[in-house]
Amino acid sequence: MIAEPVGIELVGHFATVSQQREAAKLGLWAWLVTELLLFAGLFLCALIIRIQHPAAVTLAATHLKFWIGAANTAVLICSSFTMSGAIALSRIGWRAGMLRFMLATAGLGTLFLGLKGFEYYQDYVEHMVPFLAGPYVLARDQATRLFVDVYFITTALHGVHLITGVSILLVLTWQASRPHFLARHQNRIEVYGLYWHFIDLIWIIVFPVLYVLNR
Amino acid sequence: MTRTDWAMLRRVLRVPCITLVALVALLAINVALGATLPFRNVWIVEAGVAACMVAIVLLVSMDLLDETPLIRLFSSIGFFWLLIMFGMILTDYLYR
């Protein structure tokens, strides 16, 4: 293993490197907290619909693709592991290993999106998309629409975050493949890792809230 | 890779590996419960398992255990807001 120097290039408006590092993490946490509130609103909607229309929600939830959701959760947990691996190797200056872990993370994120796309296709084939013109399989119970709509909004919003995450990760991987990256910008890997783990965290809540608890 | 490299790799990946195993095990419990529905009100256990998974990601994967008090406070405030939001709204819906 060839260990490279690891560090952070001090930007003028910070007094010390540790202050710069903490400011970057604090800034990202501020944003993640607003994201948490955004998703929490949707979780709350799902909960209220469940309280008001329990039978309709159970009926709609049984039509969701439980096993694809479970597989996707496993995929994201594995991606969280590879991201943690990339962060751990960045801290010891093992650039080649870090890059492989980052590419594996992007690959697992793409696999998640592929499975999600297949799930949406299955929903479409089974007429489980109430907002499209055409038949809706649970049309006899209009309350199911509320839950299915929240399901699509939540998973699509999460998907947008994942597409953004994979795109940024690929750019970051390209940047990190250049010489002296770890010596100047190691904290970018750590800060980005927070975002990726957050995407994982949200899905870990989405899966039980939509797929498991309502069965 | 030399033996020293492998030893270092094992050392730095120990915590991520343990986290992976713990999260997969908890997911397996929730999937098994969701697929079989073995008893009434199983959702309470499922919600508890999901809460454990969230705590592991926050504290270990997102490094909150090792962060500075300011960052820990900041992240806690986010969840405190959620507590207020869920508490106030559910107080209405659950007691109508």
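Quick caveat, the model's predicted, so the values are computed rather than measured. (Residues numbered from 1 in each chain as written. Chains lettered and ligands numbered in written order. Predicted model: local features only at pLDDT ≥ 70, side-chain atom pairs only at ≥ 80, totals over all residues. Heavy atoms only, no water.)

*Asks:* Let's hear about the overall build of chain B: which residues, and what values?
*Replies:* Per the secondary structure count, chain B includes three helices and zero strands. Secondary structure elements in chain B, listed N-terminal to C-terminal, are α-α-α. A compact globule built from 96 residues should have a C-alpha radius of gyration of about 12 Å, whereas chain B, at 19 Å, is more than 25% larger. C-alpha atoms of chain B, sized along the principal axes, occupy 65 × 40 × 10 Å. Classification of the 96 residues of chain B by burial places 32% in the buried group. As displayed, chain B offers around 6100 Å² of accessible surface, 72% of which is attributable to carbon and sulfur atoms. In chain B, 7 positive and 6 negative side-chain charges are present, and the distance between their average locations comes to 8 Å. (Helix = DSSP H or I, 4+ residues; strand = E, 2+ residues; numbered from the N terminus. Rg over C-alpha atoms; globule rule 2.2 N^0.38 Å. Buried < 20%, exposed > 50% of the residue type's maximum accessible area, 1.4 Å probe, protein only. Areas by Shrake-Rupley, 256 points an atom, 1.4 Å probe, with all protein chains shown as cover. Lys, Arg positive; Asp, Glu negative; His and termini not counted. Charge placed at Lys NZ, Arg CZ, Asp CG, Glu CD.)

*Asks:* Describe the overall build of chain A, naming the residues involved and giving the relevant values.
*Replies:* Across its full length, chain A carries six helices and zero strands. Ordered by position from N to C terminus, the α and β elements of chain A give α-α-α-α-α-α. The C-alpha extent of chain A, read off along each of the three principal axes, is 65 × 30 × 25 Å. For chain A, long-range pairs separated by at least 24 residues make up 80% of all intrachain contacts whose partners lie at least 6 apart in sequence. Looking at chain A as shown, the accessible area adds up to about 8700 Å², and 68% of this sits on carbon and sulfur atoms. Side-chain charges of chain A comprise 14 positive and 11 negative groups, with the mean position of each set lying 4 Å from the other. (Contact = heavy atoms within 4.5 Å.)

*Asks:* I'd like a description of the nonpolar core, backed by residues and values.
*Replies:* In this structure, A:Met98, A:Met102, A:Phe207, A:Leu210 and A:Tyr211 are the most contacted members of the largest nonpolar core, which totals 84 residues. Among the elements that make up this core, the one with the highest residue count is helix α6 (residues 181–212) of chain A (21 residues). Each residue touching A:Phe207, except ones within four places of it in the same chain, is listed here: A:Phe66, A:Gly69, A:Ala70, A:Thr73, A:Val212, B:Leu27 and B:Val31. (Core = buried A, V, L, I, M, F, W, Y, C linked by side-chain atoms within 4.5 Å.)

*Asks:* With reference to specific residues and values, describe the interface of chain B and chain A.
*Replies:* Listed per partner, the contact involves 46 residues of chain B and 46 residues of chain A. Ranking the residues of chain B by area buried against chain A places B:Met62, B:Ile71 and B:Phe74 at the top, with a combined share of 14%. There are two salt bridges connecting chain B and chain A. Counting across the interface, chain B meets chain A through four residue pairs in polar contact (both at pLDDT 80 or more). Broken down by secondary-structure element, the contributors of at least two residues to the side of chain B that touches chain A are α1 (3–36), α2 (43–61) and α3 (69–94) of chain B. Ranked by residues supplied to the side of chain B that touches chain A, first place goes to α1(B) with 15 residues. (Buried area = accessible area lost by both parts, 1.4 Å probe. Salt bridge = Lys/Arg side-chain N within 4 Å of Asp/Glu carboxyl O. Polar contact = N/O pair within 3.5 Å; in protein donor to acceptor, adjacent residues only side chain to side chain.)

*Asks:* Which residues make up the packing of helix α5 (residues 143–176) of chain A against α6(A), and what values do they have?
*Replies:* Residue and element names in this part refer to chain A. For the pair α5 and α6, the least separation of the axes is 10 Å and the interaxial angle reads 165°. Judged by the inter-axis angle, α5 sits roughly antiparallel to α6. Here α5 and α6 pass one another in a crossing that is left-handed. Of the residues assigned to the contact of α5 with α6, the class counts are 19 nonpolar, seven polar and one charged. (Axes fitted to C-alpha atoms, helices over the stretch in contact; angles between N-to-C directions. Parallel < 35°, antiparallel > 145°, perpendicular 65-115°, else oblique. Left-handed = near helix turned anticlockwise from the far one by under 90°. Nonpolar A, V, L, I, M, F, W, Y, C, P; charged D, E, K, R; others polar.)

*Asks:* For the pattern of salt bridges, give the residues involved together with the corresponding values.
*Replies:* This model, assessed by the stated rule, comprises ten salt bridges over all chains. Between B:Glu67 and A:Lys25 there is a salt bridge, and its shortest N-O distance comes to 2.9 Å. Taken as a pair, B:Glu67 in the loop between α2 and α3 and A:Lys25 in helix α1 (residues 17–52) lie in two separate chains rather than in one. Beyond isolated ion pairs, a larger network of salt bridges with shared partners links A:Lys25, A:Arg91, A:Glu190, B:Asp63 and B:Glu67.

*Asks:* Tell me what's going on with the confidence of the model for chain B, and back it up with residues and numbers.
*Replies:* All names here are of chain B. Per-residue pLDDT for chain B has a mean of 93; in total, 100% of the residues score no lower than 70. When pLDDT is averaged over each helix and strand of chain B, the minimum, 91, is found for α3 and the maximum, 96, for α2. Both scores are available for the predicted complex, with the pTM at 0.94 and the ipTM at 0.93. (pLDDT = per-residue confidence, 0-100.)

*Asks:* Can you tell me about the packing of helix α3 (residues 66–91) of chain A against helix α4 (residues 95–125) of chain A, naming the residues and giving the values?
*Replies:* All names here are of chain A. Where α3 contacts α4, the two axes come as close as 8 Å, and the packing angle between them is 165°. Taken together, the axes of α3 and α4 lie roughly antiparallel to each other. The two elements α3 and α4 cross, and the hand of that crossing is left-handed. Its residues placed into classes, the contact of α3 with α4 shows 17 nonpolar, eight polar and two charged.

*Asks:* Explain a nonpolar patch on the surface to me, and be specific about the residues and the numbers.
*Replies:* Residue and element names in this part refer to chain B. Taken together, the side chains of Leu 70, Leu 73, Ile 77, Phe 80, Trp 81, Leu 83, Ile 84 and Met 88 present a nonpolar region at the surface, about 820 Å² in accessible area. The topology assignment puts Ile 77 in helix α3. For Ile 77, a relative accessible area of 34% puts it in the partly exposed group. (Patch = residues over 30% accessible without salt bridge, like charges linked within 9 Å, V, L, I, M, F, W, Y side chains within 5 Å.)

*Asks:* Explain the side chain of B:Asn30 to me, using residue names and the numbers behind them.
*Replies:* Relative to the helices and strands, B:Asn30 resides in helix α1. With sequence-adjacent residues up to four places away left out, B:Asn30 is seen in contact with A:Pro208, A:Val212, B:Glu46, B:Val49 and B:Ala50.

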